[in-house]
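# Analysis of the macromolecular model
One letter stands for each residue in the lines below.
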Amino acid sequence: MNNATPQQVVVMTGATGGFGECTLKDIAAAPGTRVIIGARGNDRIVPPGVEVLGLDLASLASVRDFANTVITMLGDECIDILILNAGIHGSNAKQRSAEGFGLTFAVNHLAHYLLARLLLPKMADHGRLVITSSNMHDPPIKRIAPKILDLHEWAHPTENGSGTGIRSYAASKLCNLMTALSFARQNEVKARQIDVIAFNPGLTDGASGRDASILQKVFVKLLTRTLFPLIGLFRPEFVMNTPEHSGRMLADVSLGKIRPPPNRIYISLVKGQPTYPDPSELAQRQDAQDQLWRESATMVGIG
Ligand SMILES: NC(=O)c1ccc[n+]([C@@H]2O[C@H](COP(=O)([O-])OP(=O)(O)OC[C@H]3O[C@@H](n4cnc5c(N)ncnc54)[C@H](OP(=O)(O)O)[C@@H]3O)[C@@H](O)[C@H]2O)c1
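Let us look at the structure shown here. These numbers come from a predicted model, not from an experiment. (Residues numbered from 1 in each chain as written. Predicted model: local features only at pLDDT ≥ 70, side-chain atom pairs only at ≥ 80, totals over all residues.)

### Notes on the packing of helix α2 (residues 60-74) against helix α3 (residues 103-119)
To keep it simple, the criterion reads: Axes, fitted as lines to C-alpha atoms, cover a helix only where it is in contact. Angles between the N-to-C directions of the axes lie from 0 to 180 degrees. The helix count covers DSSP runs of H or I at least four residues long, the strand count covers runs of E at least two residues long, and both are numbered beginning at the N terminus. Here is the rule for angles: anything less than 35 degrees is roughly parallel, anything more than 145 is roughly antiparallel, 65 through 115 is roughly perpendicular, and the remaining ranges are oblique. Should the near helix be turned anticlockwise from the far one by less than a right angle, the crossing is left-handed, and should it be turned clockwise, the crossing is right-handed. Distance between backbone-placed C-beta atoms decides contact: two residues are in contact if it is within 7 Å. Ten residues, namely Ala, Val, Leu, Ile, Met, Phe, Trp, Tyr, Cys and Pro, are considered nonpolar, four, namely Asp, Glu, Lys and Arg, are considered charged, and the remaining ones, Gly among them, are considered polar.
Packing of α2 against α3 leaves a shortest axis separation of 10 Å and a crossing angle of 25 degrees. Taken together, α2 and α3 sit at an angle that is classed as roughly parallel. In the packing of α2 onto α3, the handedness of the crossing is right-handed. Contacts between α2 and α3 pair Leu60, Val63, Arg64, Ala67 and Val70 from the former with Leu110, Ala111, Leu114, Leu115, Leu118 and Leu119 from the latter. The residue makeup of the contact of α2 with α3, split by class, is 10 nonpolar, no polar and one charged.

If you want it as structure tokens, here you go:
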């Protein structure tokens, strides 16, 4: 703990790699902040004072354990800022979570949906929930992004072949954004004035998740060093950000230093700067948001 009487409590996933590691450094350095992160393995190197709890998002049982431990260890304290940033960059149809769901859908969406539902009652009034999404959810930006809600296929993937991984990723990031939009519409969230934000860091160098194969890592590195700088000349949304920059922006968003205009919750970095675009047409559809909310609840066993 940084301080005997912390002013704010931050709980975060995805703080041990990529730009989330940079976010963690900035948040841990903020005065009067108690930071708890969920991470795979207890041997993680983190800034002084940061508390590390075991969490494997590929297991809903682990998510429940993590949430219970956080609630117990906080006692009377509440969570001021909940940052759900962890993610994998796609998986093939055979890769499954502990409960048998498609791995990308399970890690990126289901686990964070459950975690947010379990921790919402522990959040402080006027708190902030930040969920990392991606502009890859949006068909005009990424052609293969979903145009329909194909929950059964995402939860129990059957298709394989080229493009399966990136399609599972785009679908999971759509679910992240729709989940944020649904949370923002909940009566409890509105009554308690909890801010909900969906954050797109934009293309950010250093994506090196532990689960990626060597081939994937080499491919991503090659793309980020060669093709994307060229594409970025014509498509500003593909201009590459450094992990330090995206990490600082996520910290600023989480700490309330960057806020979207009233009635907007989606912050998307373009050329490193915050913009506030409309979510995709599908993401904005309330019937689709409600369906995702309902069916996700059933899948995680709280519906
Ligand atoms: N990089 C980009 O261009 C980009 C663009 C748009 C959106 N995003 C989103 O931004 C977020 C971070 O991306 P990144 O590129 O920084 O990713 P990254 O370098 O691959 O880091 C991912 C983080 O998620 C954690 N994680 C992965 N699987 C987990 C699991 N099963 N249980 C617990 N933690 C797990 C990793 O933990 P370990 O340390 O254990 O691996 C790591 O801390 C993701 O949500 C991603 O979808 C990234």
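### A word on the sheet that holds strand β4 (residues 79-84)
The criterion, for reference: The criterion for strand pairing is that DSSP finds at least two bridges linking the strands in question.
Strand order across the open sheet formed by eight strands is β3-β2-β1-β4-β5-β6-β7-β8, with mixed pairing between neighbours. Only two strands of the sheet have a single partner each, and these edge strands are β3 (51-54) and β8 (273-275). Taken over all neighbouring pairs, the strand axes of this sheet differ in orientation by 20 degrees on average, direction set aside. With three bridges connecting them, strand β6 (residues 195-200) and strand β7 (residues 266-270) associate as parallel partners. Bridging from a neighbouring strand, Phe199 pairs with Ile267 of β7.

### Things to note about helix α5 (residues 164-185)
Heads up, the rule is: The span expected for a helix works out to 1.5 Å for each residue beyond the first. Put simply, a residue is buried when 20 or more other C-beta atoms lie within 10 Å of its own C-beta and exposed when 12 or fewer do; between those, it is partly exposed, and each C-beta is set from the backbone.
Taking 1.5 Å of rise per residue, 22 residues should cover 32 Å, and α5 covers 32 Å from first to last C-alpha, within 8% of that figure. Counting buried residues along α5, 19 of its 22 residues qualify, which places the element largely inside the surrounding structure.

### Points about the pairing of strand β5 (residues 123-132)
What counts is decided by this rule: By convention, a crossover is right-handed whenever its connection, traced from the first strand over the helix to the second and viewed with the strands pointing away, goes clockwise.
For β5, the tally of buried residues reaches seven of 10 residues, placing the bulk of the element in the interior. Here five bridges tie β4 to β5, and the two strands are oriented parallel to one another. Across the sheet, residue Ile83 finds its bridge partner in β5, namely Val130. Regarding topology, α3 serves as the crossover connection from β4 to the parallel β5, and that connection is right-handed. For β5 and β6, the ladder comprises five bridges, and the chain directions are parallel.

### Here we look at helix α8 (residues 243-254)
For α8, built from 12 residues, the straight-helix expectation of 16 Å at 1.5 Å per residue is met to within 8% by its first-to-last C-alpha distance of 16 Å. Taken together, the buried positions of α8 are Pro243, Ser246, Gly247, Met249, Leu250, Ala251, Val253 and Ser254. Those residues of α8 that are buried lie in contact with α1 (18-29), β4, β5, β6, β7 and β8. Following α8 by one or two positions, Gly256 has its phi on the positive side, about 80 degrees.

### Observations regarding the packing of α3 against helix α10 (residues 286-300)
Taken N-terminus to C-terminus, the directions of α3 and α10 make an angle of 85 degrees; their axes are 10 Å apart at the nearest point. In terms of orientation, α3 and α10 fall into the roughly perpendicular class. Within the contact between the two elements, α3 uses Leu110, Tyr113 and Leu114 and α10 uses Ser296, Met299 and Val300. Looking at side-chain class alone, the contact of α3 with α10 contains five nonpolar, one polar and no charged residues.

### Side note on the environment of Leu255
Mapped onto the elements of the fold, Leu255 is located in the loop between α8 and β7. Leu255 sits in the partly exposed class, given 19 other C-beta atoms within 10 Å. Between the alpha carbons of Leu255 and Ile81 there is a distance of 7.7 Å; along the sequence they are 174 residues apart. Setting aside anything within four residues of it in sequence, one finds Leu255 in contact with Ile27 and Ala30.

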